[in-house]
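Secondary and tertiary structure notes
Listed here are the chains, written in short residue letters.
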Amino acid sequence: LPRIGEPDGNYVEYDLSVKLQGSFEERAAVIQSAVGGPWMTRDEARAMFNLPHIDGAEELIVPLNVLEGGLASPRDTDPTVDRYSATPELKEAEHAHGCGCDACKAMTADAPKRYKAAASEDDADEMADVLRSFFRRQGKAVVSKIGADPSIPDEGEPAWWDSERWDRELADDMQPVAQRQSDAHALETLETLGEDASAYSSRRTTAYIRAMCERRAQMVNSVTLRELVECIEDGEDDEGSRSPRDVFDVAEDSRATTGGTAFATAVAGWAALESIRQVAPRRGATKTWDVTSGNPRPSHLAMDGETVPYGEPFSNGAMWPGDTDALDAEEVANCQCAVTIEIP
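Scoring rules and cut-offs
- Residues numbered from 1 in each chain as written.
- Predicted model: local features only at pLDDT ≥ 70, side-chain atom pairs only at ≥ 80, totals over all residues.
- Heavy atoms only, no water.
- Helix = DSSP H or I, 4+ residues; strand = E, 2+ residues; numbered from the N terminus.
- Buried < 20%, exposed > 50% of the residue type's maximum accessible area, 1.4 Å probe, protein only.
- Contact = heavy atoms within 4.5 Å.
- Areas by Shrake-Rupley, 256 points an atom, 1.4 Å probe, with all protein chains shown as cover.
- Pairing = 2+ DSSP bridges.
- Patch = residues over 30% accessible without salt bridge, like charges linked within 9 Å, V, L, I, M, F, W, Y side chains within 5 Å.
- Salt bridge = Lys/Arg side-chain N within 4 Å of Asp/Glu carboxyl O.
- Lys, Arg positive; Asp, Glu negative; His and termini not counted.
- Charge placed at Lys NZ, Arg CZ, Asp CG, Glu CD.
- Axes fitted to C-alpha atoms, helices over the stretch in contact; angles between N-to-C directions.
- Expected span 1.5 Å × (residues − 1).
- Bend = angle between axes of the 7 residues up to and from the residue.
- Parallel < 35°, antiparallel > 145°, perpendicular 65-115°, else oblique.
- Left-handed = near helix turned anticlockwise from the far one by under 90°.
- Core = buried A, V, L, I, M, F, W, Y, C linked by side-chain atoms within 4.5 Å.
- pLDDT = per-residue confidence, 0-100.
- Phe/Tyr/Trp six-rings, centres within 6.5 Å; stacked < 30°, edge-to-face > 60°.

**A few points about the overall build of the chain**
- The secondary structure content of the chain amounts to 11 helices and 4 strands.
- Within the chain, the proportion of its 344 residues that are buried is 38%.
- Put simply, of all contacts in the chain between residues at least 6 apart along the chain, 70% involve residues at least 24 apart.
- When the accessible surface of the chain is totalled, it reaches about 19200 Å², and 52% of it is carbon and sulfur.

**So, the pairing of strand 4 (residues 338-343)**
- Most of strand 4 sits out of view: 5 of its 6 residues are buried.
- Relative to strand 4, strand 1 (residues 113-117) runs antiparallel, the two sharing 5 bridges. Opposite Lys116, over in strand 4, you have Thr340 as the bridge partner.

**Topic: a negative patch on the surface**
- Residues Asp8, Glu230, Glu233 and Asp234 make up a contiguous surface patch of negative charge.
- Take Glu233: it is sitting in helix 8 (residues 206-235).
- With a relative accessible area of 42%, Glu233 lands in the partly exposed category.

**Some details on the sheet that holds strand 3 (residues 307-309)**
- An order of 1-4-2-3 is seen for the 4 strands of this open sheet, with the pairing classed as antiparallel. Each of the sheet's edge strands pairs with one partner strand only, and the pair in question is strand 1 and strand 3. When the angles between neighbouring strand axes are averaged without regard to direction, this sheet yields 25°.
- Here helix 7 (residues 163-192) sits on the sheet in contact with strand 1 and strand 4, set at roughly 160° to strand 1.
- On the sheet, helix 9 (residues 244-279) packs against strand 1, strand 2 (286-290) and strand 4 and is oriented at approximately 15° with respect to strand 4.

**Structural notes on helix 9**
- Here helix 9 contains 36 residues, and its C-alpha end-to-end distance of 48 Å stays within 8% of the 52 Å for a straight helix at 1.5 Å per residue.
- Of all the bends in helix 9, the largest measures some 45° and sits at Arg255.

**Overview of the side chain of Thr224**
- Among the structural elements, Thr224 can be located in helix 8.
- Judged by its relative accessible area of 1%, Thr224 is buried.
- In contact with Thr224, not counting residues within four places along its chain, are Phe135, Gln138, Trp161, Val247, Phe248 and Arg255.

**Looking at the pattern of salt bridges**
- As enumerated under the stated definition, the model contains 16 salt bridges in all.
- A salt bridge links Arg132 to Asp129; the nearest nitrogen and oxygen atoms lie 2.9 Å apart. Placement of the pair is Arg132 and Asp129 together in helix 6 (residues 121-148), with a separation of 3 residues, close to one helical turn.
- Exposure remark for Asp129: the relative accessible area of 46% places this residue in the partly exposed category.
- With a shortest N-O distance of 3.7 Å, Glu252 and Arg245 are connected by a salt bridge.
- In this structure Glu252 comes out as buried when scored by relative accessible area, which is 17%.
- In this structure, a network of salt bridges that share partners links the residues Arg136, Arg245, Asp249 and Glu252.

**Describing the packing of helix 7 against helix 9**
- Interhelical geometry of helix 7 versus helix 9 gives an angle of 50° and a closest axis separation of 8 Å. Classified by the angle their axes make, helix 7 and helix 9 are oblique. The handedness of the crossing between helix 7 and helix 9 comes out as right-handed. Taking contact as the criterion, the partners of Met174, Ala178, Gln181, Ser182, His185, Ala186, Thr189 and Leu190 in helix 7 are, on helix 9, Phe263, Ala264, Val267, Ala268, Trp270, Ala271, Ala272, Ser275, Ile276 and Val279.

**What to know about the nonpolar core**
- Membership of the largest hydrophobic core comes to 63 residues, with the highest contact counts inside it found for Val142, Trp160, Met174, Leu228 and Phe263.
- At the level of secondary structure, the elements contributing two or more residues to this core comprise strand 1, helix 6, helix 7, helix 8, helix 9 and strand 4.
- Broken down by element, this core gets its largest block of residues, 13 residues, from helix 9.
- Excluding anything up to four places from it in sequence, Trp160 contacts Val142, Lys145, Ile146, Asp149, Pro150, Ser151, Ile152, Leu225, Leu228, Val229 and Ile232.

**Quick word on the confidence of the model for the chain**
- Across the chain, the average pLDDT comes to 82, with 81% of residues at or above 70.
- Across the chain, helix 7 holds the top mean pLDDT of 96, while helix 3 (residues 81-85) sits lowest at 41.
- Low pLDDT (under 50) marks residues 77-91, which in the prediction has 13 contacts with non-local residues, meaning those over four places away or in another chain.

**Some details on the packing of aromatic side chains**
- Applying the stated criterion across every chain, the model contains 7 aromatic pairs.
- Arranged with centres 6.1 Å apart and planes meeting at 55°, the rings of Phe134 and Phe135 form a pair that is tilted.
- Considering the side-chain rings of Tyr208 and Trp320, the 6.4 Å spacing of their centres and the 70° angle between planes classify their relative orientation as edge-to-face. Taken together, the residues span a long stretch of sequence, with Tyr208 in helix 8 and Trp320 in the loop between strand 3 and helix 11 (329-332) at a distance of 112 residues.
- Relative accessible area serves as the criterion here: at 24%, Tyr208 is assigned to the partly exposed category.
- Take Trp320: its relative accessible area is 6%, and that puts it in the buried class.
- Three or more aromatic residues link up through ring pairs in this structure, and these residues are Phe134, Phe135, Trp160, Trp161 and Trp166.

Written as structure tokens, this is what we have:
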């Protein structure tokens, strides 16, 4: 990262596809023939282009002519397909489960209900806009003060920084958006799981959402302060180092996006669990850690699919992805993991 002028904490992805032999079409055809069927989910394909996760895209799409023991490749065709259609296995595959027939009702009567809580693109964009506006306002005030006196004391805060003010103002900016998103996710969770959404109380969540915003604001501002101190100290010895203005330009351009996505993700996960706690705290309810991004951190990838009772923490101590009560800034930064709730 230092060699290309990027600050610690940023993520850099190099495009190495041009170094691979063969065209994409040739490689895809070889892999598909080798495995005997589709080999990439829509989510994995979207991740190749840095597109976000969408619900329902994490499973392989398997055409009916690529059942195990059937044709060798989805590109093959069989003129005797009627022979396969006569088999119970294919007739089962052709049946549209969930169509409402008596057989489907019997199969799903006792099936557990699931809901995956994840931030939407609109949620992430809305929270990113809050951070972007805050960084712009904060930059105007701080950069001018640094210009007047850039000194950094051995102890305490620099004269150009006011932690109490910035933490309070950012929490104030985020709280109404977080509250609105939390309420929407909670109601959607209950409606999807067939629970009584009218029994949910938004008022009971206000104090905790405020606390979430305050903790997130402290994390965001501590990173900004650290980067400002580093660039001022580096500037004494290196004329090509970043300026304080550069710190806020990067914050507006990239940190707002990643930070907005991470906080919206945390709000979505907490709201889903809170809705169950309030309305349907059933014995046997579980939650599962779901990795949804194409480039998860190793610690989160190792937890993918981990399932625990909904009222207990995951193996990393967090109650949900983005839980700042249990995770430090490094573990919540740019986290896009979802939590899937299942109730009997």
